[in-house]
Amino acid sequence: REAIQSREAILKATGTAPETVIYPYGIEDMAACRAFEHAGFKIGFGTRAGIATMLDDPMRLPRVDVNGHEGLDEFIANVTQMDLQTGRKWRSSLA
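Summary of the structure given here.

**Considerations on the side chain of glutamate 28**
- Following the sequence through the fold, glutamate 28 ends up in the loop between β1 (20-22) and α2 (30-38).
- Setting aside chain neighbours within four positions, we find glutamate 28 in contact with Tyr23, Cys33, Gly46, Thr47, Arg48 and Arg60.

In structure tokens:
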């Protein structure tokens, strides 16, 4: 019910229905995922770090942390060091 009310409140305030949710406190258990999906959301993000793959549930996607402390070069390096199969950062054998 709260997911539906939230979506309706955003629609009323902006004129656009949101399709993406970032779960409160990163809680992305199955019940929360399905409640937001039932409310009309299409994509959901928790707090798990990584890059999404085609195998991920669209309602339980990982995300890349952007905290504003690193520069553009460091951000690019972090993103390009992700394994596109698993969505996790790969470890260099030189490290």
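**Re the pattern of salt bridges**
- Considering all chains together, one arrives at four salt bridges under this definition.
- Among the salt bridges present, the one from arginine 60 reaches glutamate 28, with a minimum N-O distance of 3.4 Å. Of this pair, arginine 60 sits in the loop between β2 (43-49) and β3 (61-63) while glutamate 28 sits in the loop between β1 and α2, and the two are 32 residues apart along the sequence.
- For arginine 60, a relative accessible area of 29% translates into the label partly exposed.

Conventions and cut-offs
- The residue numbering used here restarts from 1 in each chain and proceeds along that chain's sequence as written.
- In view of the model being predicted, local features appear only for residues whose pLDDT reaches at least 70, and side-chain atom pairs are presented and counted only at 80 or more, with totals across whole chains, interfaces and linings using the full set of residues.
- By convention in this description, side-chain values take in all heavy atoms of the structure and omit both hydrogens and water.
- For helices the rule is a DSSP run of H or I covering at least 4 residues; for strands it is a run of E covering at least 2, with both sets numbered from the N terminus onward.
- Every residue pair with non-hydrogen atoms within 4.5 Å of one another is taken to be in contact.
- The working definition used for a salt bridge is a side-chain nitrogen of Lys or Arg within 4 Å of a carboxyl oxygen of Asp or Glu.
- Exposure is judged per residue with a 1.4 Å probe applied to protein chains only, and the accessible area is read against the type maximum: over 50% gives exposed, under 20% gives buried, and values in between give partly exposed.

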